[in-house]
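Observations on the model geometry
The chain contents come next:
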Amino acid sequence: HKGWPKYIGVGGEQSIRFADLDGDNLKEVIIATSDGRILVFNHDGTEFTYQDRAVEMMAGPLAMAERHGLSARGNSLRPSFITPAVGDIDSDGIKEIITVGEGNVYCFKATGKPQEGFPVKLNKGFLHDIGEDNHIGPGTMASPVIYDLDGDGKKEIIVAGADQRVYAWHPNGLPVEGWPVYVRTGQVGARIIHPPCIADINGDGYPEIIVATNEVCSDKDRKAPVDKGILSKARDAASKEVPRELLPHALDFINSLIGKDCLVYAIHRDGTMHDNNPDGQGGYEVDDDAFVKGWPVKIRTLLPDLLPLIGPSSKPCAYDYDGDGADEVVASFVSSKTTIIGGDGSILEEMNSGPFGEDARGIRDKSLALNLFDGAAIGDITGDGIPEIAKSGLTFMGALNLVLTGQNFSYNHVIQVWDPHSGKYLKSFPRTTDDYSLYSEPAIADVSGDGIPEVISGSGLYLVHAFGADGMDKPGFPKLTGGWIMTTSAIEDIDNDGLNEIAAVTREGWVFIWDTLGEASNYPTWPTYAHDNFNTSNLSTDAIPPAAVTDYKWIDDSIEFLCPGDDGFNGRAREIRIYTYGCPIDASNIAYASLVKEVLPQEGGTTMRVDLDTRYDYIAIIAIDDAGNISQLPLSSATVTPEESDGSPWIYGEDDDHGLCFINIAGMD
């Protein structure tokens, strides 16, 4: 893509975000860096500016560095930022960018200005009892999630901490009543290192918060370390001509002998206030009433301590698996099966670890495939309208190399794709890939132009792949970056040409964006980390606002413009609102703007005409979709003053140089 690649001078360990921050229907590129900055570029690689100044957001100094007087040539050392959430959390017409660093939650306006009330802090008081039976820690590795928990039309900020608490704040920085929630069963405490998932698991229209912890539970007679003798016998069986269909059963048997249980929780949206009796003492004690009945759910895992400081959990996700209108949860842990969980906590289906598909390609170790720490993605890669589940993994011999000292068995890194209703691999999967994916997850989107999404995955060996349902890379793939990729690619049409672009960032600090032939698809997709810019990890979340109205004109007693859709120009929005005021509309006067007309929109991308009184000098048009997303209107107000107006109706369009405006619709129904 023109203007890329670009060297940012610092490691890229977090996933890139695409979002329109200034209402021109072109996406900006948002990058969280390992030195505590949010960098923002226009789609062509130029700096994103506000009032002629580059927009850059920055963390506060690293507390430990400040305490010890450490600095780098006079510059304060800052904590790393985590993959941000992006969205208009307070319905003021400006998107916010939310991230975390060193136990602080930061929220910035798209202009670069901090949101009032932020940063807010995780509670260090929870760390007083760290010890052998409480393996928690400070700060968080988990990205923030934004979602409307209380139904007021504004989005709360939800953060899972390494202190084993889940926090929630309102857009003004005040804590949500009933939060934080202590997510623990009473056994050995452990960190939460992945963001929560948002899911309506009982179909009542309200969200639950799904969290996987690093707790490892075992019965008293299972506290011994992993029996390497049993694993050696499994190795011998896997390396011989044992029927492949028997190997999963052998693994299940071994798991039942020496495996341990890991936990997935479902939390009510009102936390400890669910029973109107906040027994959690502000997060210092466990309040079981905060958890949905039937949860936490135990998932059996063979090697939970494979890498104990970064596992065994992975990020849960959700979708409506059975079409009943309620979400089911997809969860896994290192060496466990990928498991589909019903709203009542029942296990609905487990994905097989073998046998492999009949057309699985390039695999030397055909024993079994095991899950690692990366998350799953959900999307329809076959074009039949039914989503599949995709996830990276490692074949069984690779896991044995990590457990049995001094071994070097042949093994493969793989991309797994299952039919979730049978639990079996698609016939061309697992597919070999180059290296570990670690904390990322695949993306699922069309980059080939056939209208059907591909599974897109990078790895530690520099390549970005795009696998079709046949297990083969699409033409033009893989893409070579020359650096370690440990993040999820972002895929979207950022330049409004109707075709998707794909972005990847390396740990060495290079950001790549490529043009593709892919087009927006009606098939379910997973185009970014955690599915969407809200980080909900839910296939059904609509985080894409309608397109902005940037070009319109007067025709007689009506106004004509290109109608926004539900997602950009696709689909149909819920409503169109037209506001007016006596001077250019901006944040300082939006409370005085008048709603003069509400109309039902047409199909997105079609020309729409609305009758309107020509006496209005200054107007603004917004669209709202069924999910409550508001079309992004530009950051700066019009430059024409009332004195400069000749009295004729004024409207900004392609022939005008008046600047643009933004609208606050909260409470203006």
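Residues numbered from 1 in each chain as written. Predicted model: local features only at pLDDT ≥ 70, side-chain atom pairs only at ≥ 80, totals over all residues. Heavy atoms only, no water.

1. Structural notes on the environment of Trp-510
Take Trp-510: it is sitting in strand S38 (residues 510-519). The residues touching Trp-510, leaving out its near neighbours within four places in the chain, are Pro-5, Lys-6, Tyr-7, Ala-504 and Val-505. (Helix = DSSP H or I, 4+ residues; strand = E, 2+ residues; numbered from the N terminus. Contact = heavy atoms within 4.5 Å.)

2. Remarks on the side chain of Ser-314
Its location among the elements puts Ser-314 in the loop between strand S21 (297-301) and strand S22 (317-319). Classification of Ser-314 by relative accessible area gives buried; the value is 2%. Among the polar contacts listed, one links the side chain of Ser-314 to the backbone oxygen of Ser-332, at a separation of 2.7 Å. Once residues lying within four places of it in the same chain are set aside, the contact partners of Ser-314 are His-194, Ala-212, Ser-332, Phe-333, Leu-372, Phe-373, Asp-374 and Lys-391. (Buried < 20%, exposed > 50% of the residue type's maximum accessible area, 1.4 Å probe, protein only. Polar contact = N/O pair within 3.5 Å; in protein donor to acceptor, adjacent residues only side chain to side chain.)

3. A word on unusual backbone geometry
In this structure, the amide linkage connecting Gly-354 to the following residue, Pro-355, adopts the cis form with an omega of -5°. With respect to the helices and strands, Pro-355 occurs in the loop between strand S25 (347-350) and strand S26 (369-370). The omega torsion of the bond from Phe-477 to Pro-478 falls at 5°, within 30 degrees of zero and hence cis. Relative to the assigned elements, Pro-478 resides in the loop between strand S34 (463-467) and strand S35 (479-480). Despite not being glycine, Gln-51 has its phi angle at roughly 50°, a positive value. By secondary structure assignment, the location of Gln-51 is in the loop between strand S5 (49-50) and strand S6 (53-54). Positive phi, close to 55°, is recorded for Asp-556, a residue that is not glycine.

4. Comments concerning the sheet that holds strand S42 (residues 594-599)
Here three strands make up an open sheet; going across it, the order is S42-S41-S44 and the pairing antiparallel. Unpaired on one side and paired on the other, S42 and strand S44 (618-624) mark the two borders of the sheet. Direction aside, neighbouring strands of the sheet carry axes that sit 25° apart on average. Examined bridge by bridge, strand S41 (residues 575-581) and S42 share five bridges and lie antiparallel to one another. Directly across from Arg-577, in S42, lies its bridge partner Glu-598. (Pairing = 2+ DSSP bridges. Axes fitted to C-alpha atoms, helices over the stretch in contact; angles between N-to-C directions.)

5. Observations regarding the sheet that holds strand S43 (residues 607-611)
A sheet is described by the order of its strands in space; here three strands give the open sequence S39-S40-S43, paired in antiparallel fashion. A strand with exactly one partner marks an edge of an open sheet, and here the two such strands are strand S39 (552-555) and S43. Across the sheet, the axes of successive neighbouring strands diverge by a mean angle of 25°, strand direction being ignored. As judged from the four bridges shared by S39 and strand S40 (residues 558-562), these two strands associate in the antiparallel manner. Paired with Tyr-552 across the two strands is Phe-561, which belongs to S40.

6. Looking at a negative patch on the surface
Where like charges cluster on the molecular surface, the negative patch consists of Asp-279, Glu-285, Asp-288 and Asp-289. Mapping Asp-279 onto the fold places it in the loop between strand S20 (260-267) and S21. When its relative accessible area of 31% is taken as the criterion, Asp-279 is described as partly exposed. (Patch = residues over 30% accessible without salt bridge, like charges linked within 9 Å, V, L, I, M, F, W, Y side chains within 5 Å. Areas by Shrake-Rupley, 256 points an atom, 1.4 Å probe, with all protein chains shown as cover. Salt bridge = Lys/Arg side-chain N within 4 Å of Asp/Glu carboxyl O. Lys, Arg positive; Asp, Glu negative; His and termini not counted. Charge placed at Lys NZ, Arg CZ, Asp CG, Glu CD.)

7. Looking at the confidence of the model for the protein chain
For the protein chain, per-residue confidence averages 87 on the pLDDT scale, and residues scoring 70 or more make up 86% of the total. Below pLDDT 50 for its whole length, residues 220-228 participates in 14 contacts with residues either more than four positions away or in separate chains. Here residues 638-669 is a poorly scored stretch, pLDDT under 50, and it has 92 contacts once near neighbours within four places are set aside; other chains count. (pLDDT = per-residue confidence, 0-100.)

8. Some words on the pattern of salt bridges
With the rule as written, the count across this model stands at 19 salt bridges. For Lys-109, the salt bridge is made with Asp-90, and the minimal N-O distance between the two is 3.3 Å. Here Lys-109 is found in strand S10 (residues 104-109), whereas its partner Asp-90 is found in the loop between strand S8 (85-87) and strand S9 (96-101), with 19 residues between them in sequence. Assessed through its relative accessible area of 8%, Lys-109 is described here as buried. Residues participating in the shared-partner salt-bridge network are Asp-35, Arg-37, Glu-56 and Arg-78.

9. Concerning the environment of Phe-41
Relative to the elements of secondary structure, Phe-41 occurs in strand S4 (residues 37-41). Residue classification places Phe-41 among the buried residues on the basis of a relative accessible area of 10%. As a C-alpha pair, Phe-41 and Lys-27 span 14 residues in sequence and 9.1 Å in three-dimensional space. Not counting the four nearest positions on each side in its chain, Phe-41 is found in contact with Trp-4, Lys-6, Ile-8, Glu-28, Val-29, Ile-31, Thr-46, Glu-47 and Phe-48.

10. Remarks on the side chain of Asp-92
Topologically, Asp-92 is positioned in the loop between S8 and S9. A polar side-chain atom of Asp-92 sits 3.0 Å from the main-chain amide nitrogen of Ile-94. Among the polar contacts made by the side chain of Asp-92, one reaches the side chain of Lys-109 at a distance of 2.4 Å.

11. Brief notes about the packing of aromatic side chains
Considering all chains together, one arrives at 13 aromatic pairs under this definition. With centroids separated by 5.2 Å and ring planes inclined at 40°, the aromatic side chains of Tyr-7 and Trp-510 adopt a geometry described as tilted. Taken together, the positions of Tyr-7 in strand S1 (residues 6-7) and Trp-510 in strand S38 put the pair 503 residues apart, joining distant regions of the chain. A relative accessible area of 37% means that Trp-510 is categorised as partly exposed. (Phe/Tyr/Trp six-rings, centres within 6.5 Å; stacked < 30°, edge-to-face > 60°.)

12. Description of the pairing of S20
Burial of S20 is extensive: eight of the eight residues sit out of reach of the surface. Neither face of S20 is left uncovered, since the one carrying Lys-260, Cys-262, Val-264 and Ala-266 and the one carrying Asp-261, Leu-263, Tyr-265 and Ile-267 both have all their residues buried. For S20 and S21, the ladder comprises five bridges, and the chain directions are antiparallel. When the bridges of S21 are listed, Leu-263 appears paired with Lys-298.

13. Focus on the nonpolar core
Counting residues in each nonpolar core, the largest one holds 27 residues, and the members touching the most others are Ile-378, Ile-389 and Val-417. Within the residue set of this core, elements represented by two or more residues are S22, strand S27 (377-379), strand S28 (388-395) and strand S29 (413-419). Counting residues per element, this core draws most heavily on S29, which supplies four residues. Residues contacting Ile-389, with those up to four places away along its chain left out, are Val-330, Thr-338, Ile-340, Met-351, Ala-376, Ala-377, Ile-378, Gln-416, Val-417, Trp-418 and Pro-420. (Core = buried A, V, L, I, M, F, W, Y, C linked by side-chain atoms within 4.5 Å.)

14. With respect to the pairing of strand S15 (residues 165-169)
In terms of residue burial, S15 counts as a mostly covered element, since five of its five residues are buried. Of the two faces of S15, both are covered, the one formed by Arg-165, Tyr-167 and Trp-169 as well as the one formed by Val-166 and Ala-168. Strand direction decides the pairing type here: strand S14 (residues 156-160) and S15, joined by four bridges, are antiparallel. Its bridge partner being in S15, Ala-160 is matched across the sheet by Val-166. In textbook terms, the turn of a hairpin is the stretch between consecutive antiparallel strands, and for S14 and S15 this stretch comprises four residues, one of which, Gln-164, has a positive phi near 70°. Across two bridges, the pairing between S15 and strand S16 (residues 181-182) is antiparallel.

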